[in-house]
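Inside the fold
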Amino acid sequence: MSPADYEGPILEIERLSISFFTRLREIPAVMDFSCTVQPGEAMGLVGESGCGKSTVALAVMRYLGKNGRITGGSIRFKGRDLVNMSDEELRHIRGSEIAMIYQEPMASLNPAMRIGDQLAEVPMIHAGVSREEALRRAREVVSDVRLPDPDRMLRSYPHQLSGGQQQRIVIAMALMSKPSLLILDEPTTALDVTVEAAVVDLVKDLREKYGTSILFISHNLGLVMDVCDRLCVMYSGEAVETGSIKDVFDRMQHPYTQALFRSIPLPGADKNARPLISIPGNFPLPHERPNGCNFGPRCSYFEAGRCDAADVPMFAVDGHDRHETRCIRFREIDWAAPPKVARTTEKAVPGRVVLKMEDLKKYYEVAANSLFGKSGAKKVVKANETLSFEAREGETLAIVGESGCGKSTFAKVLMGLETATSGRIMLYDRDIQSTPIEKRSTDTVSGVQMVFQNPFDTLNPSMTVGRQIIRALEIFGEGKTDEDRRNRMLELLDLVKLPRQFADRMPRQLSGGQKQRVGIARAFAGGAKVVVADEPVSALDVSVQAAVTDLLMEIQRKNKTTLLFISHDLSIVRYLSDRVMVMYLGHVVELGTTDQVFSPPYHPYTEALLSAVPIADTHVQKKRIVLEGDIPSAMNPPPGCPFQTRCRWKSKVPGNLCETEVPPMRQLAEGHQIKCHLPDSELARMEPVIKIAAE
Amino acid sequence: MLRFLLKRIGTMLLTALCLTFIVFVLTNLSPNLEKLAKSELGARISDREVESWLAKYGHDRPILVRYGEWLGVAPGWVSEDQGVPFGRCLPRGGDPASAPRYCGILQGHWGQSTVFKAPVTDILWERLRLTGILMFWVMALMVPVSLLIGVLAGMREGSKLDRTLSTFSIATTATPEYVSGVIFIVVFSSSAVGLKWFSGTAASAATDGITFYNFFLPVLTIALYGIGYIARMTRASMTEVMTAQYIRTARLKGVSPRDVVMKHALRNALIAPFTVIMLQFPWLLNGVVIVETLFNYKGFGWTLVQAAGNNDIDLLLACSVVAVFVVLVTQLISDIGYVYLNPRIRIS
């Protein structure tokens, strides 16, 4: 039978089990996993890190490394058995019939080979065509993935392209031989939201054009909803629920899926009235899985004696389209019951002004070519351009923007790691803009603290948790005696809801969420007045994010801290912040209360940003705005309005005002400012990006 | 690129100037000069005689002036003995009117060797030619063998082949030339073991032409040390590259294992060892000193030892100029080659 006239499912995985073998033991990574991908169908694999979704993808490619082995079950691709296929046959399938797109585009392209050669290799291997013919095909595919100037692209090396362009090249490489199955492993995690939206858009279009089946792996439910027809939710090595998007999103039949949806901030969630519900406990380690249902210990419907008795098989849900769940009690649970709201809180009233910035500027001078000396004039990178705002006591101010927008520079200047080029930062009534951190008084240092993005790198690996907090207390001059400080440290552990025994643990013994809690405890050790949280939850898993966010809010409420929340994730920003500041290329383009920023009139950039964020809710209707091109380099910003190169409203502004003049900051309503040339009449005509459809 | 080259050459010249000045000062320290005077006039001359001899031959002036003369940017000294004028640029009995004012290395006057009683230039060219031949064969053996070992070992980390080759590499780097050279002579050319496959001296190579028999041992001795070193660098770089994600991309594209190594891994894996190989050139000069002496091959290294041992100031200076030049030029070549291998570094 030739593969061309095969008519069954493209991919059938049946009861697949995969284990990794170490010297100590066998670690089962995937157990009893089944799924089917029909021709032209897009299947999503969703789960938190460590749930085995990438392992499944690599198993389809039969690329499990030295230690990994398929211990049971079968994988059939177009009816052919992949598990027992010889290396030679496998090589003919890889890249030609099954292609893969990876998480980090930069790392997955060969740095020392021209793009054209890397692309041309595929048809040269699989179709045996000449180099010229292969390059011609490469050129075609490169223009298919909407890259400008294909000839130049083919001649470039990977490092000469931006992240978004690199990912398009990786996609082009996968499409070179028109595969029947495309595996995408978190293809957009390393990209900015607006770039992510454009890439996802491209994948959807290409899928229509080529009719390829897709296996889409992601931790982002919103993205999966955007791309896929069906999905499979994985937890701790098992598929727990599988079905069509509509069924799983709206008529879920597994407690884990439900808990997952309740822990992500969807439109309508609110930190005071409708707080997120975090999943208690931690993800089980592969060798410490419980008996029976893996989710049992964290499940609110857990019933001792039944759920932990024996391994749970998949049950089909009657009346739904191929909808299955791995829950014994799914028929007994009332899925429509509203969640028990833990507790609602009063909205905190912002107090007096704690932090005030006036016309803050931070410029960097860089040599154009740092490696081979300064052959060329020095360039000025304007990382922050006239930043002005106030933050009040007990308030959460979110700073939103994509990479390169200057939000991290701003944090550095505030912390004193850099000094401002000009302008003023006032903490209460003290000027701190030109005092570097080593010259700041203990009071100022302990008053302005930071929670970092990556909890894995910010704890000293060779010091116990307790010791690190005590060290912070010593530096901040808290407590008179060692005994005092030790007690204070234990109180701080209580504050961040870590057991007191954790004081003697080493950071490596903690999970990501627990480490981030230690980071929070350390930041609040000296009674910080202003805490800068730089993407504090973006490195954490979805189920842990809610808990950490919640904790941060609670401490803030208790201490009346001013929280500057830096993030690119608009969903979480909408959930927890009082005011939002949107930045683009060093400029603040919009500033206002959360409601003002999230509803029209928008700044055109805010509009695009809102539209780019995937929302995991089938009732939400989104207007699709795809930004063309990449964010301009801060080294070489466009003249006039920083956003003019990608703005879809530019034609509505009379003359060439956008290209020549930086728009002034203008007041739209009380506390709502935007930096845009658009006349009021146009702004008034803007429609909301997100609409929640009536049920 | 041109700008980059000019800049690099400028820096090189400056470095060369500084280094030669240091060597000049060290070789022209007063004890050395005194020894020189005594070797010319006899060991039992008085201090007064030494001084007047030094004054007569221009050695008593400030060091910077003398350095300038040697370099050829200051006019050479002129002196007079019993009414006959002579000087740095004027041989005794020559015509003072037609003698050049400047004569230093810039004008091609490298001086006279006191040991070999011949102009330094003549000696140096001949010796360099001999050493060049030796170096060529060392490189011809060392580079392919070490890269092969490194790539084979790094291709599959932890395999039996890897462990065997790594052990070999460590053993060879850990053995200095004066040990391995002696062992080779004992094993392969003496009657102690009785193999007598190769000649224990390379003296005939210089006069009667190179044969495998008389040349293999010195080449092997120098190459072996470098082989271990470069192979270990290549292996480290290869194992790192083999775990890179783009290798996974290539494999999952359906590239055959051979092409994964040849097309995708090799070029990336060679970036680090390339610098090491270029660094080997100057280091070879030093290996050459030991091996040439050991095998009695009258090349550059052997000459350097003779010049240093016999207080031959001009020859020693010339040798160091050559050494400095070799080091700097190889560095330049290595930088250019590095740019070529690694497209991420490009000169705009």
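Being a predicted model, the structure only gives us computed values, none of them experimental.

**Thoughts on the interface of chain B and chain A**
- Between chain B and chain A, the contact holds 27 residues from the first and 31 residues from the second.
- Between the two partners, chain B and chain A, sit 1 salt bridge.
- Glu121(A) is paired through a salt bridge with Lys253(B); the nearest N and O atoms lie 2.8 Å apart.
- One can count 11 residue pairs in polar contact (both at pLDDT 80 or more) joining chain B with chain A.
- When residues of the side of chain B that touches chain A are traced back to their parent elements, those giving at least two are α1 (2-27), α10 (245-252), α11 (257-294) and α13 (313-341) of chain B.

**A closer look at the side chain of His587(A)**
Residue and element names in this part refer to chain A.
- Structurally, the position occupied by histidine 587 is in strand β22 (residues 587-593).
- Looking at histidine 587, its side chain comes within polar contact range of the side chain of lysine 675, at 3.1 Å.
- Dropping the residues within four chain positions of it, histidine 587 is found in contact with Glu385, Val582, Pro642, Val662 and Lys675.

**A few points about the sheet that holds strand β1 (residues 11-21) of chain A**
Residue and element names in this part refer to chain A.
- Read from one edge to the other, the open sheet built from 4 strands follows the order β2-β1-β4-β5, with strand pairing classed as antiparallel. Two strands in the sheet have a free side with no partner beyond their single neighbour: β2 (26-37) and β5 (80-81).
- Relative to strand β4 (residues 68-77), β1 runs antiparallel, the two being bridged by 8 bridges. When the sheet's bridge partners are listed, isoleucine 13 is paired in β4 with isoleucine 75.
- Lying over the sheet, helix α1 (residues 53-60) contacts β1, β2 and β4, oriented at roughly 110° with respect to β1.

**With respect to the packing of helix α4 (residues 115-126) of chain A against helix α7 (residues 163-175) of chain A**
Residues and elements named next belong to chain A.
- The N-to-C vectors of α4 and α7 enclose an angle of 25°; their axes lie 8 Å apart at closest approach. Taken together, the axis directions place α4 and α7 in an arrangement best described as roughly parallel. Judged by residue contacts, Ile115, Gln118, Leu119 and Val122 of α4 engage Ile169, Ala172 and Met173 from α7.
- Broken down by class, the residue content of the contact of α4 with α7 amounts to 6 nonpolar, 1 polar and no charged.

**With respect to the nonpolar core**
- Within the largest apolar cluster, 181 residues are counted, with the highest numbers of intra-cluster contacts made by Phe33(A), Ile75(A), Leu119(A) and Ile183(A).
- Looking at this core element by element, the count peaks at 8 residues for helix α8 (residues 193-210) of chain A.
- Each residue touching Ile75(A), except ones within four places of it in the same chain, is listed here: Leu11(A), Glu12(A), Ile13(A), Leu16(A), Ala59(A), Val60(A), Ile70(A), Arg80(A), Asp81(A), Leu82(A) and Val83(A).
- One finds Ile45(B), Trp110(B), Ile230(B) and Leu315(B) within the second-largest nonpolar core, a separate group that totals 60 residues.

**Digging into the pattern of salt bridges**
Residues and elements named next belong to chain A.
- What the rule picks out here adds up to 49 salt bridges over all chains.
- Here arginine 424 makes a salt bridge to glutamate 358, at a shortest N to O gap of 3.6 Å. You can see arginine 424 sitting in strand β16 (residues 422-427) and its partner glutamate 358 sitting in strand β13 (residues 353-367), a full 66 residues away along the chain.
- What makes arginine 424 partly exposed here is its relative accessible area of 34%.
- A network of salt bridges, in which partner residues are shared, links Lys356, Glu358, Glu390, Arg424 and Asp431.

**Topic: helix α16 (residues 512-523) of chain A**
Residues and elements named next belong to chain A.
- Helix length check: α16 (12 residues) gives 17 Å between terminal C-alpha atoms against 16 Å at 1.5 Å per residue, within 8%.
- Buried residues dominate α16, accounting for 11 of its 12 residues.
- Looking at α16, one finds that the buried residues are Gly512, Gly513, Gln514, Lys515, Gln516, Arg517, Val518, Gly519, Ile520, Ala521 and Ala523.

**Some thoughts on the sheet that holds strand β8 (residues 213-218) of chain A**
All names here are of chain A.
- Sheet architecture is open: 8 strands sit in the order β6-β7-β8-β3-β9-β10-β12-β11, paired in mixed fashion. Each having just a single partner strand, β6 (98-101) and β11 (315-316) make up the two edges of the open sheet.
- Sheet topology places β11 next to strand β12 (residues 324-325); 2 bridges connect them, and they run antiparallel. Paired with phenylalanine 315 across the bridge in β12 is threonine 325.
- Each of β6 and β7 (181-185) is contacted by α7, which is oriented at about 175° to β6, the strand it contacts most.

**What about the packing of aromatic side chains?**
- For the structure shown, the criterion picks out 19 aromatic pairs over all chains.
- Plain terms: the ring middles of Phe116(B) and Trp302(B) are 6.2 Å apart, the flat faces sit at 45° to each other, and that makes the pair tilted. In this pair, Phe116(B) is assigned in the loop between β3 (112-113) and β4 (118-119) and Trp302(B) in helix α12 (residues 300-309), connecting sequence segments 186 residues apart.
- According to the relative accessible area criterion, Phe116(B) is partly exposed, its value standing at 26%.
- We classify Trp302(B) as buried; its relative accessible area is 12%.
- The ring of Tyr364(A) carries the charged tip of Lys362(A) above its face, separated from the ring centre by 5.0 Å.
- In this structure, Lys298(B) packs its charged tip against the face of Trp302(B), placed 5.3 Å from the ring centre.

**Let's talk about the domain arrangement of chain B**
All names here are of chain B.
- By the assigned domains, chain B splits into domain 1 (18-107) and domain 2 (120-347).
- A straight line from the C-alpha centre of domain 1 to that of domain 2 covers 40 Å.
- Residue-level contacts link 11 residues of domain 1 with 7 residues of domain 2.
- Together, the buried faces of domain 1 and domain 2 total about 850 Å²; carbon and sulfur atoms form 78% of this surface.
- Looking at the side of domain 1 facing domain 2, the largest losses of area belong to Val23, Thr27 and Trp70, adding up to 45% of the total buried there.

**Thoughts on a nonpolar patch on the surface**
All names here are of chain B.
- There is a patch of nonpolar side chains on the surface, built from Val182, Val186, Val193, Leu195, Trp197 and Leu294 and spanning about 480 Å² of accessible area.
- Relative to the helices and strands, valine 193 is located in the loop between α7 (177-189) and α8 (203-208).
- Overall, valine 193 belongs to the partly exposed group, its relative accessible area being 48%.

**Observations concerning the packing of α7(A) against α8(A)**
Residues and elements named next belong to chain A.
- Axis separation between α7 and α8 bottoms out at 10 Å; the angle between their running directions is 15°. Taken as axis vectors, α7 and α8 run roughly parallel relative to one another. Our pair here, α7 against α8, has a crossing hand that is right-handed. Contacts between α7 and α8 pair Gly164, Gln167, Arg168, Ile171 and Leu175 from the former with Val195, Ala198, Val199, Leu202, Val203, Leu206 and Tyr210 from the latter.
- Of the residues belonging to the contact of α7 with α8, the class tally is 9 nonpolar, 2 polar and 1 charged.

**Comments concerning the pairing of strand β20 (residues 562-567) of chain A**
All names here are of chain A.
- Of all 6 residues that make up β20, 6 are buried, and the element is covered over most of its length.
- Of the two faces of β20, the one holding Thr562, Leu564 and Ile566 and the one holding Leu563, Phe565 and Ser567 are both buried throughout.
- Summarising the sheet, strand β15 (residues 396-400) and β20 pair through 5 bridges and their orientation is parallel. Across the sheet, leucine 397 pairs through a bridge with leucine 564, a residue of β20.
- Inspection of the sheet shows strand β19 (residues 530-534) paired to β20 by 5 bridges, in the parallel sense. Looking across to β20, one finds that aspartate 534 is bridged to isoleucine 566.
- Regarding topology, helix α17 (residues 542-559) serves as the crossover connection from β19 to the parallel β20, and that connection is right-handed.

About the cut-offs
- Residues numbered from 1 in each chain as written.
- Chains lettered and ligands numbered in written order.
- Predicted model: local features only at pLDDT ≥ 70, side-chain atom pairs only at ≥ 80, totals over all residues.
- Heavy atoms only, no water.
- Contact = heavy atoms within 4.5 Å.
- Salt bridge = Lys/Arg side-chain N within 4 Å of Asp/Glu carboxyl O.
- Polar contact = N/O pair within 3.5 Å; in protein donor to acceptor, adjacent residues only side chain to side chain.
- Helix = DSSP H or I, 4+ residues; strand = E, 2+ residues; numbered from the N terminus.
- Pairing = 2+ DSSP bridges.
- Axes fitted to C-alpha atoms, helices over the stretch in contact; angles between N-to-C directions.
- Parallel < 35°, antiparallel > 145°, perpendicular 65-115°, else oblique.
- Nonpolar A, V, L, I, M, F, W, Y, C, P; charged D, E, K, R; others polar.
- Core = buried A, V, L, I, M, F, W, Y, C linked by side-chain atoms within 4.5 Å.
- Buried < 20%, exposed > 50% of the residue type's maximum accessible area, 1.4 Å probe, protein only.
- Expected span 1.5 Å × (residues − 1).
- Phe/Tyr/Trp six-rings, centres within 6.5 Å; stacked < 30°, edge-to-face > 60°.
- Lys NZ or Arg CZ within 6 Å of the ring centre and 35° of its normal.
- Domains from an automatic or database assignment.
- Buried area = accessible area lost by both parts, 1.4 Å probe.
- Patch = residues over 30% accessible without salt bridge, like charges linked within 9 Å, V, L, I, M, F, W, Y side chains within 5 Å.
- Areas by Shrake-Rupley, 256 points an atom, 1.4 Å probe, with all protein chains shown as cover.
- Left-handed = near helix turned anticlockwise from the far one by under 90°.
- Right-handed = clockwise from strand over helix to strand, strands pointing away.

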